[in-house]
Amino acid sequence: MSKPDRFDSVTADDVAIAAGVSRWTVNRAFKKDASISAKSREKVMSAAQALGYIPDLSASALASTRSNLVALLVDDFANPHKLVMMDCLTRALRGRGLDTLLVNTLDREDTTPALINASQRRVDATILIGIQFDDDVLAAAHRAHRFKKLIIFARTSRNPDTISIAVDDEIATKEIAHYVIAKGYRRPLYVAGPNTASAHLLRKETFALVWQDRFGHVPKTVSVPRYDPILSAEIAFRTLHGRKGADLPDVIVCENDALALGAIDTIRYRLGLRVPQDIAVVGFDDVPQAASPHYQLTTYRQPLAEMAGYLVDVLESADSRNLDRKFTGELVIRHSA
């Protein structure tokens, strides 16, 4: 099999001639789930490899209503759970033949330009993972009329122009609260993250309602402006420094694992106390660090693989209505509480 001159571009026609098939067969061989025999696909792929042929994905996208490209907008990289989510999502997307355009939305002011920029890339959908997507940002995105699907992943949005795929925060937090109560803890401190206007978590409110219903008072709460273990450690120190005995909480319940890891570091290394003997700690997410011997964090595991699989199903669906879905995970009990 002779190759075209190295200065010439190898085309689908060259592959078709080399493989002894039609150009139509070559095109179908490179399409996901196309109707083509295994023998014909093997002939095309062998010829393409020998000739160094790579299909022009941008040209094929122009002839289709799909680009097979998804924009993934992410912020808050100090939170280790973001990397876990990105790994799970990109694996699910690549498994269905979809590529990813990753955009780091640095802060709230950068989010709207990032959304508009993503829409100009002719993506099939835009997936938002983060805390910067409030009502103003989502409204601006919707007004652009450039998004086929605008998906909020791992948070629940009240915006009617988005699709939310998330864990059921209320079910999860009720399970955590009932576990804490059953263990005999009575002086909780709840450590919450940023309070966003639209893509909001319902964990702090749910924990407070369960506690008030059982004991008649709302537990004390502190907030951390970012899901950052280092910042969480500092705020935990400011909150607990100088307290002793019954003035200390007997359990710290955290909105996510990033906050819990910081709290554990402060309890042990800045306050000189023990986990869980002096102060227990509970997280949410089950990041890889949670299972390490250093933390052994009791936490709530989100079913990310199932959530990511459903997201890809949503992308392949022709419908954009009534696609919101909440998932149930599981409480993972370890040594920290």
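Residues numbered from 1 in each chain as written. Predicted model: local features only at pLDDT ≥ 70, side-chain atom pairs only at ≥ 80, totals over all residues. Heavy atoms only, no water.

Caption draft 1: Molecular detail of the overall build of the chain. Broken down by element type, the chain carries 12 helices and 12 strands. Buried residues in the chain amount to 50% of all 337 residues. In the chain, once contacts between residues fewer than 6 apart in sequence are set aside, the share between residues at least 24 apart is 74%. Approximately 16400 Å² of the chain is accessible, and the part contributed by carbon and sulfur atoms is 51%. (Helix = DSSP H or I, 4+ residues; strand = E, 2+ residues; numbered from the N terminus. Buried < 20%, exposed > 50% of the residue type's maximum accessible area, 1.4 Å probe, protein only. Contact = heavy atoms within 4.5 Å. Areas by Shrake-Rupley, 256 points an atom, 1.4 Å probe, with all protein chains shown as cover.)

Caption draft 2: Broad picture of the environment of Asp99. Looking at the secondary structure, you find Asp99 in strand β2 (residues 99-104). With a relative accessible area of 32%, Asp99 lands in the partly exposed category. Here the alpha-carbon distance between Asp99 and Ser67, two residues 32 residues apart in the chain, equals 9.1 Å. The contacts of Asp99, once residues within four sequence positions are left out, are Asn68, Leu69, Val70 and Arg94. Within the structure, the side chain of Asp99 is placed 3.4 Å from the side chain of Arg94, a separation counted as a polar contact. (Polar contact = N/O pair within 3.5 Å; in protein donor to acceptor, adjacent residues only side chain to side chain.)

Caption draft 3: Local environment of the packing of helix α10 (residues 229-240) against helix α11 (residues 257-269). Between α10 and α11, the shortest axis-to-axis distance is 7 Å and the interhelical angle comes to 50°. Relative to α11, α10 is oriented oblique. For the element pair α10 and α11, the recorded crossing hand is right-handed. Contacts between α10 and α11 involve Pro229, Ser232, Ala233, Glu234, Ala236 and Phe237 on the former and, on the latter, Ala258, Leu259, Gly262, Ala263 and Thr266. Considering only residue class, the contact of α10 with α11 consists of seven nonpolar, three polar and one charged. (Axes fitted to C-alpha atoms, helices over the stretch in contact; angles between N-to-C directions. Parallel < 35°, antiparallel > 145°, perpendicular 65-115°, else oblique. Left-handed = near helix turned anticlockwise from the far one by under 90°. Nonpolar A, V, L, I, M, F, W, Y, C, P; charged D, E, K, R; others polar.)

Caption draft 4: Fine view of the sheet that holds strand β9 (residues 280-282). Pairing is parallel across the open sheet formed by four strands, whose spatial order is β7-β6-β8-β9. Where the open sheet ends on each side, the last strands, each with one partner, are β7 (220-223) and β9. In this sheet, adjacent strand axes meet at a mean angle of 20° when their direction is disregarded. Where strand β8 (residues 251-254) lies against β9, three bridges are found, and the strand directions are parallel. The residue of β9 that forms the bridge with Ile252 is Val281. (Pairing = 2+ DSSP bridges.)

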